[in-house]
Amino acid sequence: MGGSEALPPPLTKEEEQYLLERLPSGDPSVRSMLIERNLRLVVYIARKFENTGVNIEDLVSIGTIGLIKAVNTFDPSKKIKLATYASRCIENEILMYLRRNNKLRAEVSLDEPLNVDWDGNELLLSDVLGTDSDTIYRNLEDEVDRELLYDALDKLSERERTIMELRFGLGTGQEMTQKDVADLLGISQSYISRLEKRILKRLQREFNKMM
Amino acid sequence: MREMAELEELWSAASPSNGCIICGRVGQDGMRVFGQLICHACEREIVQTDVEDEAYRRYVEQMKLIWLSVLSL
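Residues numbered from 1 in each chain as written. Chains lettered and ligands numbered in written order. Predicted model: local features only at pLDDT ≥ 70, side-chain atom pairs only at ≥ 80, totals over all residues. Heavy atoms only, no water.

### Quick look at the interface of chain B and chain A
So, step 1. With 25 residues of chain B at the interface, the matching set in chain A holds 28 residues.
So, step 2. Taken over both partners, the interface formed by chain B and chain A buries close to 2400 Å², and the fraction arising from carbon and sulfur atoms is 70%.
So, step 3. Taken together, chain B and chain A are joined by three salt bridges.
So, step 4. Salt-bridge contacts for E43 of chain B lead to R31 of chain A; the nearest nitrogen and oxygen are separated by 2.6 Å.
So, step 5. It is helix α3 (residues 56-72) of chain B that contributes the most residues to the side of chain B that touches chain A, eleven residues altogether.
So, step 6. Looking at the side of chain B that touches chain A, its residues break down into 15 nonpolar, four polar and six charged. (Contact = heavy atoms within 4.5 Å. Buried area = accessible area lost by both parts, 1.4 Å probe. Salt bridge = Lys/Arg side-chain N within 4 Å of Asp/Glu carboxyl O. Helix = DSSP H or I, 4+ residues; strand = E, 2+ residues; numbered from the N terminus. Nonpolar A, V, L, I, M, F, W, Y, C, P; charged D, E, K, R; others polar.)

### Regarding helix α4 (residues 56-73) of chain A
So, step 1. Here α4 of chain A is 18 residues long and its end C-alpha atoms lie 25 Å apart, about the 26 Å a rise of 1.5 Å per residue gives.
So, step 2. For α4 of chain A, the buried fraction is high: 15 of the 18 residues fall into the buried class. (Expected span 1.5 Å × (residues − 1). Buried < 20%, exposed > 50% of the residue type's maximum accessible area, 1.4 Å probe, protein only.)

### Quick look at the nonpolar core
Most often, soluble globular proteins keep nonpolar side chains buried together rather than apart.
So, step 1. Ranked by size, the top nonpolar core spans 54 residues in total, and within it L34, L39 and I94 of chain A together with I22 and I38 of chain B carry the most contacts.
So, step 2. Apart from residues lying up to four places away in sequence, I38 of chain B is in contact with I68 of chain A together with C20, I21, I22, G30, M31, E43, I46, M63 and I66 of chain B.
So, step 3. Ranked by size, the runner-up nonpolar core spans 14 residues in total, among them M164, A182, I192 and L195 of chain A. (Core = buried A, V, L, I, M, F, W, Y, C linked by side-chain atoms within 4.5 Å.)

### Looking at unusual backbone geometry
So, step 1. You will see that F34 of chain B, though not glycine, has its phi angle at about 50°, which is positive.
So, step 2. Within the fold, F34 of chain B resides in the loop between β1 (30-33) and β2 (36-39).

### With respect to a negative patch on the surface
So, step 1. Judged by side-chain charge, E45, D50, D53 and E54 of chain B come together as a negatively charged surface patch.
So, step 2. By secondary structure assignment, the location of D50 of chain B is in the loop between α2 (40-48) and α3. (Patch = residues over 30% accessible without salt bridge, like charges linked within 9 Å, V, L, I, M, F, W, Y side chains within 5 Å. Areas by Shrake-Rupley, 256 points an atom, 1.4 Å probe, with all protein chains shown as cover. Lys, Arg positive; Asp, Glu negative; His and termini not counted. Charge placed at Lys NZ, Arg CZ, Asp CG, Glu CD.)

### Overview of the packing of aromatic side chains
All names here are of chain A.
So, step 1. All told, the structure shown has two aromatic pairs over all chains when counted by the stated rule.
So, step 2. One residue, R22, lies across the ring of Y18, its end atom 3.7 Å from the ring centre.
So, step 3. Just above the ring of F168 sits the side chain of R167; from NZ or CZ to the centre is 5.3 Å. (Phe/Tyr/Trp six-rings, centres within 6.5 Å; stacked < 30°, edge-to-face > 60°. Lys NZ or Arg CZ within 6 Å of the ring centre and 35° of its normal.)

### Description of the confidence of the model for chain B
So, step 1. Averaged over chain B, the pLDDT score is 87; the fraction of residues at 70 or greater is 79%.
So, step 2. Taken together, the chains of this predicted complex give a pTM of 0.60 and an interface ipTM of 0.85. (pLDDT = per-residue confidence, 0-100.)

### Overview of the state of the cysteines
All names here are of chain B.
So, step 1. All chains considered together, the criterion is met by zero disulfides over all chains.
So, step 2. Not part of a disulfide, C20 finds its nearest cysteine sulfur in C23, a span of 3.7 Å.
So, step 3. Residue C20 is classed as buried on the basis of its relative accessible area of 4%.
So, step 4. The thiol of C42 is not disulfide-bonded; the next cysteine sulfur, from C39, is found 3.6 Å away. (Disulfide = S-S within 2.5 Å.)

Right under this line is the structure:
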């Protein structure tokens, strides 16, 4: 599937205008015609997602659902072309499906066997996940990291330290965007971005010296 | 022989019937896309459906009948 040779040609401007004028009447044959004559769009967009691991038959079907939604929700009074609106709906439908698929693939079970030894004992994911004693170590490590970070921050100028504190919410726990920090300090966002990169590099050097 | 049977099955699925391709109910009003009927109620359901819905996979499968119709034209 995926060949668009068998599909009818796209609507001419006049044909589309004629049908769109009749779309609000709710006549199902108008919607059918708009769907059939825009199916090429579905094939065209579906092909762009062929490298995602989802087969083309599914992509085209999902795109068709997007097209049905588009024709049903299109508002001819808005100054936007049906093809533009439908393309957005078809693409969005496929993207939503892919996102959901990726989410499902990322989920793993705690009872997932990671390995089986010679005696047939399974090593489960839950066996190697953090335990209570682990969390104590983790807190300790966090504390050491924090101390190292503050030592490194002391090596920065006051202005650099302020930027880092605001950006990463050091002390307050409230991170700010580059734009917010730029507005607050009255400097441009691109300047903050450059400074940030430079400061992070410096911090990294300070860290390396300490470790 | 098995291939032939599969082809016949495919062909009969692709041949438009009076039943809605989604719910299978016969005699419903709706729209026909390449001869395949989608009844009003199912069309509304499709418009409101989300990829997370349980019925979504079925809609995707049933849409393939429209494409079988296109290819058999």
